[in-house]
Amino acid sequence: MRSSRFFFTTLKEAPADAEIVSQKLMLRAGLIKRVAAGIYTWMPLGLRTLRKVEAIVREEMNRAGAVELLMPAVQPAELWQESGRWEQYGPELLRFQDRHRRDFVIGPTHEEAITDVVRRDVKSYRQLPVNLYQIQTKFRDEIRPRFGIMRGREFLMKDAYSFHTGMADLEREYHVMFNAYSRIFTRLGLKFRAVAADTGAIGGSGSHEFHVIAETGEDEIAYCPDSDYAANVELAEAVAPAIARPAAKAPMQKVATPDKTACKDVAESLSVPLSRIVKSIAVVSETAEGKTFALLLLRGDHELNEIKAGKATSLSPFRFASEEEVTEHLNCQPGYIGPVGTTVRVIADRAVAVMGDFACGANEAGFHLINVNFGRDCKEPEVADLRKVTTGDPSPDGKGLLTLCRGIEVGHIFQLGAKYSEALACRYLDENGKSQVMEMGCYGIGVSRIVGAAIEQNHDENGIIFPVAIAPFTVAIVPMGYHKNAAVRETADKLYNEIVRAGFDALLDDRNERPGFLFADMELIGIPHRLVVSERGLKNGEIEYKGRMDKGASFIPQDNILEFLNSLPCFA
């Protein structure tokens, strides 16, 4: 491609409302243009990268045995009503009516639609398993779209769905998809981690997220550098301390702590480490069986993990108690509550369960207790894993210590089980002629989100640093004085034709602009390799080469350029 025939829309500065690096650089480089909040046009340069990501995803899905189809973006409300998600999904589901006043949605996902496809055509166990996928535009009406394509309303997604005769076969396919995803992100040239994750609202029995590692990531990941263990902090287990609870050493005492409600302030007032404070978190769970008030106990230096707590305590769903509810059950205002003398349900984190002579609220405004011990001063609590893990915690696999990092979720795989097939009556006849519900798997990749995540992971002060596999062009030829010097022009044209014939995705920047402008644009848009044709270089029979991450340039004999490019690790 010649720059003079292409459509460049680079900017010197990012729009003032751009928030994160990828959004700023994608707008500056002319990869995308904003149309409305959370909705973008993919410009020619950005579309080239998007299509390269899409091609790798498609190749690996096909290699793994999945079969591509394309479902409609518009789905009838009846399918969502049948699954129960018409009421459950919330305002992110864009609903509308056609001219006949029939209800439809713009699909944010396609579990209902694919289950409807399979239930119509798959009748026998002989037709299973099947794995169907699509790459298609989705729409979720985010309340606050932000971060460019990272949290937009319209996005491109690969979603696959597998159907099985039983859980054993689902687990087999899940492993196949896990490996396929690992190959995809490796080929994309991204540093990533596959982490055990919570299944969330989509449901199911097992799930892994694939995260591109980046400091700006929204998700926090716990991993062990010495093993393959990795999990979202929402799911990462805080291993129980391998120590016994010490015996009580001192009698319990009540100490005045006026206006001290925060754990840090209480610790300073009592002259004890924050780790010796036990904070009590009052929660309420309301279900069809009734309303439960409970205290969750954590060490003062630990944070509550709400997702783990809900699962571990049978309190899911729960909410934090109101001040009125705290007063009703404990006859005390928040900030001074604790487990001593109460009859409510008390659940202690594993780290709290082995503490002795700790400090906690006295259930009396302005006072805390010190030297408190379970069994002697208050009843033995239930014990559960309630807290978020921290750096230095033991890895649950016993192979080292945990480290925390941030990641951007770009893929998620689920073992859905029968959640949707049961609701939509997706059944098959087994070998005995008996009707059975199919087991399902679901496998998503944010194709457009990958582009933003790649930029968040790979950039510098000059712009984007695209991995070779997804760069809009892999080689840029920048001639100095293309419109003024016939020798430079002829050499650049010949070099461009040779490189293209050799299979390289090359760009000849033949715009009539200053060299500094051309160099800045090539660095901004992230082309990995740059070849400069200049009059001085030609006199020496050389072409200047500079990799996007190289500090300086090198000179390659003019006749050896193809051999040189082919020798680079990314092309070899």
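For the structure given in this document, a descriptive report is provided here. (Residues numbered from 1 in each chain as written. Predicted model: local features only at pLDDT ≥ 70, side-chain atom pairs only at ≥ 80, totals over all residues. Heavy atoms only, no water.)

Considering the overall build of the protein chain
Move 1: Across its full length, the protein chain carries 16 helices and 31 strands.
Move 2: Expressed along its principal axes, the backbone C-alpha trace of the protein chain runs to roughly 95 × 70 × 50 Å.
Move 3: In the protein chain, which comprises 572 residues, the proportion classed as buried is 52%.
Move 4: Residue pairs in contact within the protein chain that sit at least 24 positions apart in sequence constitute 69% of those at least 6 positions apart.
Move 5: Counting only carbon and sulfur atoms, one obtains 50% of the accessible surface of the protein chain, whose full area is about 26,000 Å².
Move 6: In the protein chain, 69 side chains carry a positive charge and 78 a negative one; their mean positions are 3 Å apart. (Helix = DSSP H or I, 4+ residues; strand = E, 2+ residues; numbered from the N terminus. Buried < 20%, exposed > 50% of the residue type's maximum accessible area, 1.4 Å probe, protein only. Contact = heavy atoms within 4.5 Å. Areas by Shrake-Rupley, 256 points an atom, 1.4 Å probe, with all protein chains shown as cover. Lys, Arg positive; Asp, Glu negative; His and termini not counted. Charge placed at Lys NZ, Arg CZ, Asp CG, Glu CD.)

What to know about the sheet that holds strand β14 (residues 278–287)
Move 1: The mixed open sheet is built from 5 strands, whose spatial order is β16-β14-β15-β17-β20. Taken across any chain shown, the strands that pair with only one partner, and hence form the sheet edges, are β16 (319–320) and β20 (382–384).
Move 2: With 10 bridges connecting them, β14 and strand β15 (residues 290–299) associate as antiparallel partners. Looking across to β15, one finds that Ser-280 is bridged to Leu-297.
Move 3: Along the sheet, helix α9 (residues 323–330) makes contact with β14, β15 and β16, crossing β15 at roughly 90 degrees. (Pairing = 2+ DSSP bridges. Axes fitted to C-alpha atoms, helices over the stretch in contact; angles between N-to-C directions.)

Thoughts on the sheet that holds strand β19 (residues 367–372)
Move 1: Read across the open sheet, the 3 strands follow the order β13-β19-β18; overall the sheet is antiparallel. In the strand order of this sheet, the two ends are held by β13 (253–256) and β18 (358–361), each with one partner. Direction aside, neighbouring strands of the sheet carry axes that sit 30 degrees apart on average.
Move 2: In the sheet, β13 pairs with β19 via 4 bridges, with the strands oriented antiparallel. Bridging across to β19, Gln-253 finds its partner in Ile-370.

With respect to the pairing of strand β27 (residues 475–479)
Move 1: With respect to burial, β27 is a largely interior element, 5 of its 5 residues being buried.
Move 2: Alternating residues of β27 divide into Val-475, Ile-477 and Pro-479 and Ala-476 and Val-478, and every residue in both groups is buried.
Move 3: With 3 bridges joining them, β27 and strand β28 (residues 506–508) adopt parallel strand pairing. Within β28, the position partnered with Val-475 by the bridge is Ala-506.
Move 4: This β-α-β element, β27 to helix α13 (residues 486–501) to β28, shows right-handed connectivity.
Move 5: With 5 bridges joining them, β27 and strand β29 (residues 529–533) adopt parallel strand pairing. Of the residues in β29, the one forming a bridge with Val-475 is His-529. (Right-handed = clockwise from strand over helix to strand, strands pointing away.)

Section: the nonpolar core
Move 1: Ranked by size, the top nonpolar core spans 65 residues in total, and within it Tyr-181, Phe-185 and Leu-188 carry the most contacts.
Move 2: Here this core takes 7 residues from helix α6 (residues 167–187), the largest share from any one element.
Move 3: If sequence neighbours within four positions are ignored, Tyr-181 has contacts with Met-61, Lys-158, Phe-210, Gly-411, His-412, Ile-413, Tyr-443, Gly-444 and Ile-445.
Move 4: Within the second largest apolar cluster, 25 residues are counted, among which are Phe-293, Leu-330, Cys-332 and Val-346. (Core = buried A, V, L, I, M, F, W, Y, C linked by side-chain atoms within 4.5 Å.)

What to know about the packing of helix α2 (residues 44–63) against helix α12 (residues 447–457)
Move 1: Axis separation between α2 and α12 bottoms out at 9 Å; the angle between their running directions is 115 degrees. Taken together, the axes of α2 and α12 lie roughly perpendicular to each other. In the crossing of α2 with α12, the sense of the turn from one axis to the other is right-handed. Judged by residue contacts, Thr-49, Leu-50, Val-53 and Glu-54 of α2 engage Val-447, Ser-448, Ile-450 and Val-451 from α12. (Parallel < 35°, antiparallel > 145°, perpendicular 65-115°, else oblique. Left-handed = near helix turned anticlockwise from the far one by under 90°.)

Section: the packing of aromatic side chains
Move 1: The final tally for this structure, using the stated rule, is 13 aromatic pairs.
Move 2: Judged by centre distance (5.3 Å) and plane angle (65 degrees), the rings of Phe-6 and Phe-8 are edge-to-face.
Move 3: The class of Phe-8 is buried, set by a relative accessible area of 16%.
Move 4: When the ring of Phe-185 is compared with that of Phe-192, the centres are 5.7 Å apart and the planes differ by 45 degrees; the resulting orientation is tilted.
Move 5: Overall, Phe-192 belongs to the partly exposed group, its relative accessible area being 23%.
Move 6: Grouped by ring-pair contacts, the aromatic residues Phe-178, Tyr-181, Phe-185, Phe-192 and Phe-210 constitute a single cluster.
Move 7: In this structure, Arg-511 packs its charged tip against the face of Phe-8, placed 4.6 Å from the ring centre.
Move 8: Taking the ring centre of Phe-519 as reference, the NZ or CZ of Arg-530 above it sits at 4.1 Å. (Phe/Tyr/Trp six-rings, centres within 6.5 Å; stacked < 30°, edge-to-face > 60°. Lys NZ or Arg CZ within 6 Å of the ring centre and 35° of its normal.)

Side note on the pattern of salt bridges
Move 1: In total, this model carries 44 salt bridges according to the counting rule given.
Move 2: Among the salt bridges present, the one from Glu-382 reaches Arg-345, with a minimum N-O distance of 2.7 Å. Within this pair, whereas Glu-382 is found in strand β20, its partner Arg-345 is found in strand β17 (residues 345–349), the two being separated by 37 residues in sequence.
Move 3: Residue classification places Arg-345 among the partly exposed residues on the basis of a relative accessible area of 23%.
Move 4: The shortest N-O distance in the salt bridge between Arg-376 and Asp-377 comes to 2.9 Å.
Move 5: When its relative accessible area of 42% is taken as the criterion, Arg-376 is described as partly exposed. (Salt bridge = Lys/Arg side-chain N within 4 Å of Asp/Glu carboxyl O.)

Comments concerning unusual backbone geometry
Move 1: Following Leu-128, the chain continues to Pro-129 via a peptide bond in cis, the omega torsion being 5 degrees.
Move 2: Of note in the backbone geometry, Asn-331 takes a positive phi value of approximately 55 degrees without being a glycine.
Move 3: If you trace the backbone, Asn-331 turns up in the loop between α9 and β17.
Move 4: On the basis of relative accessible area, Asn-331 is assigned to the exposed category, the value being 66%.
Move 5: A positive phi angle is found at Asp-357, which is not glycine, with a value near 50 degrees.
Move 6: Its place among the elements puts Asp-357 in the loop between α10 (350–353) and β18.

Re the environment of Asn-179
Move 1: With respect to the helices, strands and loops of the structure, Asn-179 is situated in helix α6.
Move 2: Residue Asn-179 is classed as partly exposed on the basis of its relative accessible area, which comes to 31%.
Move 3: Taking the C-alpha atoms as reference points, Asn-179 and Ala-64, 115 residues apart in sequence, are found 8.7 Å from one another.

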